[in-house]
Amino acid sequence: IEGTSGVKHVGCEFYGQHCAKPFPLLETLCFENMSEWEDWYIFGIDNGVQTFTRVSKLSIKKCPKLVGMLPSNLPCLKTLEIINCSQLLVKASSLVLPSLTSLSMSDVRLPSLPVLLETCNVLEPSSLTCLNIRNVKIPESLCNPSIDDEVMLANAMSKHLSSVTSLSIEMIQKLALLPKWLTQGLKGLKELQISSCKELTTLWQKEAGLQHSLLALQRLEIRFCPQLVSLFEEDEDVENEGQHQLEYLVISDSEKL
């Protein structure tokens, strides 16, 4: 569904009247360039209606006025793309995405710390392997969490990001370094791409400890990060206990390094 600028609401009539299982064969659902679309009626899990039971790809692009929530029960969803939807905030709900392997977000809002933790609590451990984040504003509570919040975040990320093998980060504002709570959760990360993060100065701080960070990493690419001055901060007297497997390294257009 593309370029339908006259659509403001996608209501229950979209699913058909008195239909308990609408779109039973649909596998790919894409909304794009719907400039006036504001809300999408979503059935809850408990009302007996099963929607999009076979959808494996859901893509929502260039829908700047869309607010609210995504469908909550997508058992076959493997690929989720949310691009240029600046008002869409994925709120905590009884999300069921057991098959998700690829998640791409660009120009969206990340939730506040309490909402993020609430979302993580209701989500089951995912099978997510590929995560792409572009031009996302990170709340201050996530950039500089308290010690207690950092512990809770690290536990949540270890539960949900341990399966991620590929991470791409681009145009993230106020990102000076990779948060410790994030890197601790990426135990299986093999590919890391960082691009156009203008405030990034280093990947790790001393207290994060390189020997405990991203031990599975094989490919590292850093591009267009003008404030980058070091790959990591490390005490000279700390022995590197980890056995890193880095095979591929690209650093470009980072003139302060």
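First things first, this report covers the structure right here in the doc.

A look at helix α3 (residues 147-160)
At step 1: For α3, built from 14 residues, the straight-helix expectation of 20 Å at 1.5 Å per residue is met to within 8% by its first-to-last C-alpha distance of 20 Å.
At step 2: Where α3 is concerned, the buried positions are L153, A154, A156, M157 and H160.

With respect to the pattern of salt bridges
At step 1: On inspection of all chains with the given rule, the structure shows 7 salt bridges.
At step 2: With its nearest N and O atoms 3.0 Å apart, the salt bridge here joins E221 to R223.
At step 3: Residue classification places R223 among the partly exposed positions, given a relative accessible area of 29%.
At step 4: It is possible to trace a salt-bridge network through shared partners that takes in D107, R134 and E170.

Some details on the nonpolar core
At step 1: W37, W40, I60 and L192 are the most contacted members of the largest nonpolar core, which has 58 residues in total.
At step 2: With 4 residues, α3 is the single largest residue contributor to this core.
At step 3: Leaving out residues up to four positions away in the same chain, W37 has contacts with V7, K8, H9, V10, F31, I60, C63, K65 and L66.

Points about the sheet that holds strand β8 (residues 166-170)
At step 1: The 9 strands are arranged β2-β4-β5-β6-β7-β8-β9-β10-β11 in an open sheet whose pairing can be described as parallel. Only two strands of the sheet have a single partner each, and these edge strands are β2 (28-32) and β11 (248-252). Across the sheet, the axes of successive neighbouring strands diverge by a mean angle of 0 degrees, strand direction being ignored.
At step 2: Here 5 bridges tie strand β4 (residues 57-61) to strand β5 (residues 79-83), and the two strands are oriented parallel to one another. From the neighbouring strand, I60 faces β5, where its bridge partner is I82.

So, the environment of S106
At step 1: Looking at the element boundaries, S106 is found in strand β6 (residues 102-106).
At step 2: The class of S106 is buried, set by a relative accessible area of 4%.
At step 3: Beyond its immediate chain neighbours, meaning those up to four positions away, S106 contacts I82, I83, N84, C85 and R134.
At step 4: A distance of 3.0 Å separates polar atoms of two side chains, one belonging to S106 and the other to D107.

Section: the pairing of strand β9 (residues 191-195)
At step 1: In terms of strand pairing, β8 meets β9 through 5 bridges, oriented parallel. When the sheet's bridge partners are listed, I169 is paired in β9 with I194.
At step 2: Pairing between β9 and strand β10 (residues 219-223): 5 bridges, direction parallel. When the bridges of β10 are listed, Q193 appears paired with E221.

A closer look at the packing of aromatic side chains
Where two aromatic rings form a pair, the distance of their centres and the angle of their planes describe that pair.
At step 1: As enumerated under the stated definition, the model contains 9 aromatic pairs in all.
At step 2: Pairing F14 with Y15 gives two aromatic rings, centres 5.5 Å apart and planes at 80 degrees, and the pair type is edge-to-face.
At step 3: Here F14 falls in the partly exposed class, since its relative accessible area comes to 24%.
At step 4: Ring plane angle 40 degrees and centroid distance 5.2 Å describe the contact between F14 and F23, whose orientation is recorded as tilted.
At step 5: Over the ring of Y248 we find R219, and its NZ or CZ is 3.8 Å from the ring centre.

What counts and what doesn't
- Residues numbered from 1 in each chain as written.
- Predicted model: local features only at pLDDT ≥ 70, side-chain atom pairs only at ≥ 80, totals over all residues.
- Heavy atoms only, no water.
- Helix = DSSP H or I, 4+ residues; strand = E, 2+ residues; numbered from the N terminus.
- Expected span 1.5 Å × (residues − 1).
- Buried < 20%, exposed > 50% of the residue type's maximum accessible area, 1.4 Å probe, protein only.
- Salt bridge = Lys/Arg side-chain N within 4 Å of Asp/Glu carboxyl O.
- Core = buried A, V, L, I, M, F, W, Y, C linked by side-chain atoms within 4.5 Å.
- Contact = heavy atoms within 4.5 Å.
- Pairing = 2+ DSSP bridges.
- Axes fitted to C-alpha atoms, helices over the stretch in contact; angles between N-to-C directions.
- Polar contact = N/O pair within 3.5 Å; in protein donor to acceptor, adjacent residues only side chain to side chain.
- Phe/Tyr/Trp six-rings, centres within 6.5 Å; stacked < 30°, edge-to-face > 60°.
- Lys NZ or Arg CZ within 6 Å of the ring centre and 35° of its normal.

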